[in-house]
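The residues making up each chain are set out below.
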Amino acid sequence: AFSLTGKTVLVTGGARGLGAAYVRALHAEGAAVMIADLLEAEGAALAAELGERARFTPLDVTDEEGWDAAIADTVAAFGALDVLVNNAGIVNAAPIEHLSTAKWDTVIAVNLTGTFFGCRAVVPVMKAAGGGSIINISSVEGIRGSRGLHGYTAAKFGVRGLTKSMAVELGASGIRVNSVHPGLILTDMTTRIDPAHLDIPLGRPGTPEDVTGTIVFLASDASRFTTGAEFVVDGGMIT
Ligand code: NAD
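Residue numbers here run from 1 along each chain, matching the order of that chain's written sequence. Note on the predicted model: pLDDT of at least 70 is required for a residue's local features to be given, and 80 or more for side-chain atom pairs to be given and counted; whole-chain, interface and lining totals, by contrast, use all residues. Side-chain descriptors were evaluated using all non-hydrogen atoms of the structure, hydrogens and water having been removed beforehand.

Engineer: Would you mind showing me how to read the layout of surface pockets here?
Structural biologist: Gaps between atoms show up when a probe of the same size as a water molecule is rolled over them. Of the pockets and cavities examined, the largest pocket occupies roughly 1400 Å³. Of all the elements in the fold, those that place two or more residues in the lining of the largest pocket are helix H1 (17–28), strand S2 (32–37) and helix H5 (150–170). Per the convention used, a helix needs a DSSP run of H or I reaching at least four residues, while a strand needs a run of E reaching at least two, with both numbered from the N terminus. Considering every element that reaches the lining of the largest pocket, the biggest residue donor is H1, with three residues. Looking at the lining of the largest pocket residue by residue, the class counts come to 22 nonpolar, 15 polar and ten charged. Cavities and pockets are found on a 1 Å grid laid over the protein atoms alone: a cavity is a set of points where a 1.4 Å probe fits but cannot escape, a pocket is an open set with protein on both sides within 12 Å along at least five of seven lines, and a lining residue has an atom within 4 Å of such a point. Grid points are joined across faces, edges and corners, and a volume is the space filled by probe spheres set on the points. Gly is placed with the polar residues, together with every amino acid not listed as nonpolar (Ala, Val, Leu, Ile, Met, Phe, Trp, Tyr, Cys and Pro) or charged (Asp, Glu, Lys and Arg).

Next up, the structure:
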């Protein structure tokens, strides 16, 4: 039930970090994978390395028309689009009284509005196919508050809420929508965080490969009765 053979997946922000790990894991389980990212060289190189069943399409998730092109590219390349992983994200930090409007707008645009654009664009394709799975990447910061991360937290709580209302509305169409909430995972995004002062019950920060099993599960038919759910993958950090 975990096999992804015959399924097509689009992963935003799939060129590096967690997204690239999702791409590799989904591909290894048999999926055809479209890597959608701003980073053209990295994305194209990953697609070339994986070879058959992997392609790259340039996408800025904040660009509405760009989404239509990326989805059309995917369907043209692989004939379907069964799973969308809304993973592209950025972080910025500032104390609330110093959080500029520009910083607020940017972090909301990429993490929340970009996820909304992706969901809205893919639903007609999934409805026509009789179903699908949408996996929205939030964060532990979509569940609790954190000093200095106000815009990021607002966006990631928003992704969690969007996920739940879509799950309610789309269940009858066979479309499942779930959110994933990683804890501290070592990537380019988190190089400035020192894990030493964090109390992580499993005793270490995560690697991108620590999150891939949850993504494969939600992409696969093994999760067929799961929608509107949130999956915390944090080594117990916010328990
Ligand atoms: P990363 O910075 O290593 O990778 C992010 C990817 O998204 C990059 O490839 C980047 O080019 C792409 N991207 C950024 N803006 C984009 C845009 N407008 N359009 C298309 N692509 C865009 O970060 P990461 O650590 O791999 O994070 C991936 C996701 O996981 C993000 O949504 C992040 O918020 C979330 N997350 C990360 C952690 C962590 O500890 N690393 C924890 C919880 C949640």
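Engineer: What am I meant to see in the pattern of salt bridges here?
Structural biologist: When charged atoms on two side chains of opposite charge get close, those side chains can pair. The salt bridge definition used is simple: a Lys or Arg side-chain nitrogen within 4 Å of an Asp or Glu carboxyl oxygen. Scanning all chains against the criterion turns up eight salt bridges. Measuring nitrogen to oxygen at the nearest pair gives 3.1 Å for the salt bridge that ties Asp 221 to Lys 7. Linking Asp 221 in the loop between helix H6 (212–219) and strand S7 (230–233) with Lys 7 in the segment before strand S1 (8–12), this pair joins segments that are 214 residues apart in sequence. When its relative accessible area of 18% is taken as the criterion, Lys 7 is described as buried. When salt bridges with common partners are traced through the structure, they connect Arg 160, Lys 164 and Glu 230 into a single cluster. For each residue, the accessible area found with a 1.4 Å probe, counting protein chains only, is set against the maximum for its type, and the residue is called buried under 20%, exposed over 50%, and partly exposed in between.

Engineer: Would you explain the sheet that holds strand S3 (residues 54–58) in this entry?
Structural biologist: Neighbouring strands of a sheet are bound in pairs by backbone hydrogen bonds; such pairs are parallel or else antiparallel. As summarised here, the arrangement of the seven strands in space is S3-S2-S1-S4-S5-S6-S7, forming an open sheet in which the pairing is parallel. What marks the edges here is a single partner per strand, and that holds for S3 and S7. Direction aside, the axes of adjacent strands within the sheet are offset by 20° on average. When DSSP locates at least two bridges between a pair of strands, those strands are taken to pair. Where S1 lies against strand S4 (residues 83–86), three bridges are found, and the strand directions are parallel. Pairing of Leu 10 across the sheet is with Leu 84, part of S4. The contact criterion used is simple: two residues touch if any of their non-hydrogen atoms lie within 4.5 Å. Helix axes use the C-alpha atoms of the stretch in contact, all axes being lines fitted to C-alpha atoms, and the angles between their N-to-C directions lie in the range 0 to 180 degrees. Where helix H4 (residues 101–129) meets the sheet, its contacts fall on S4, strand S5 (132–137) and strand S6 (175–182), and the angle it forms with S4 comes to roughly 180°.

By themselves, these figures tell us nothing about what the structure is for.
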